[in-house]
Amino acid sequence: MTASIKQQIGNVALVVESYDDAIEFYTKKLQFTVVEDTDLGGGKRWVQISPPNSDGTNLLLAQASGEHQRQAVGNQSGGRVFLFLQTNDFWRDYELMKHNGVMFHEAPREEEYGIVVVFEDLYGNKWDLLQLAH
């Protein structure tokens with residue numbers, strides 16, 4: 001008898017211009033927490049952030065090094081929605097983000113799958129704020 005396979009995505013790397021600017025945006029505007037911030041030397045850090053009370057995948061902030069990586073900042077998905085922030089209270093989080101100055105691309109809308117709105121982070125990456133219908 002073989003053990004059942006269990007896997008999960010631990011981190012998603014997000015290329016950023018500055019560790020500190022990204023940490024400030026995500027913690028102040030979206031209420032994320034810093035899971036880990038370890039100095040690796042040579043200007044590199046291992047920085048993981050996570051939404052409040054999350055037990056899922058973390059974002060790994062990766063400061064761009066070199067022109068090729070700098071060109072990817074804010075456009076890792078070619079202009080499409082890149083990340084999906086799921087919530088248990090859409091209106092609470094939407095109002096808080098609005099109050100914190102987060103830029104939205106549209107008005108919230110109800111879809112078959114739930115309530116959703118597209119917003120952007122400090123670099124222009126598009127996100128969905130989403131509360132799934134149950």
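It should be emphasised that the depicted structure is a prediction, and the values quoted were computed from it without experimental measurement. (Residues numbered from 1 in each chain as written. Predicted model: local features only at pLDDT ≥ 70, side-chain atom pairs only at ≥ 80, totals over all residues. Heavy atoms only, no water.)

**Details of unusual backbone geometry**
Despite not being glycine, Gln31 has its phi angle at roughly 65°, a positive value. Residue classification places Gln31 among the partly exposed residues on the basis of a relative accessible area of 34%. Backbone geometry at Asn53 places phi at a positive 60°, although glycine is not the residue there. Position of Asn53 among the secondary structure elements: in the loop between strand E3 (44-50) and strand E4 (58-63). (Buried < 20%, exposed > 50% of the residue type's maximum accessible area, 1.4 Å probe, protein only. Helix = DSSP H or I, 4+ residues; strand = E, 2+ residues; numbered from the N terminus.)

**Some thoughts on the UniProt feature "domain: VOC" (unreviewed entry) in the protein chain**
Mapped onto the present numbering, the UniProt feature "domain: VOC" (unreviewed entry) falls on residues 8-132. Helix and strand shares over residues 8-132 are 21% and 42% respectively, and the end C-alpha atoms of the span are 21 Å apart. (UniProt positions renumbered as here; feature names shortened; annotations may be inferred.)

**Side note on the side chain of Asn58**
Residue placement: Asn58 occurs in strand E4. A relative accessible area of 13% places Asn58 in the buried class. Polar contacts involving the side chain of Asn58 include one to the side chain of Gln48, which spans 3.1 Å. If we skip the residues at most four places from it in the chain, Asn58 touches Gly10, Asn11, Val12, Val35, Gln48, Ile49 and Ser50. (Polar contact = N/O pair within 3.5 Å; in protein donor to acceptor, adjacent residues only side chain to side chain. Contact = heavy atoms within 4.5 Å.)

**Focus on the pattern of salt bridges**
Per the counting criterion, the structure on display carries seven salt bridges. When the shortest N-O distance is used, the salt bridge between Lys98 and Glu95 registers 4.0 Å. In this pair, Lys98 and Glu95 are both assigned in helix H3 (residues 90-99), three residues apart and thus about one turn of the helix distant. Judged by its relative accessible area of 42%, Lys98 falls in the partly exposed class. The partner of Arg109 in a salt bridge is Glu111, with the nearest N and O atoms 2.7 Å apart. (Salt bridge = Lys/Arg side-chain N within 4 Å of Asp/Glu carboxyl O.)

**Things to note about the nonpolar core**
Of all hydrophobic cores here, the largest spans 30 residues; its most connected members are Tyr26, Leu61 and Phe119. Elements represented by at least two residues in this core include exactly strand E1 (11-16), helix H1 (19-28), E3, E4, strand E5 (81-86), H3, strand E8 (114-120) and strand E9 (126-132). Those residues in contact with Leu61 that sit more than four places away from it in its chain are Leu14, Val16, Tyr19, Ala22, Ile23, Arg45, Val47 and Ile49. (Core = buried A, V, L, I, M, F, W, Y, C linked by side-chain atoms within 4.5 Å.)

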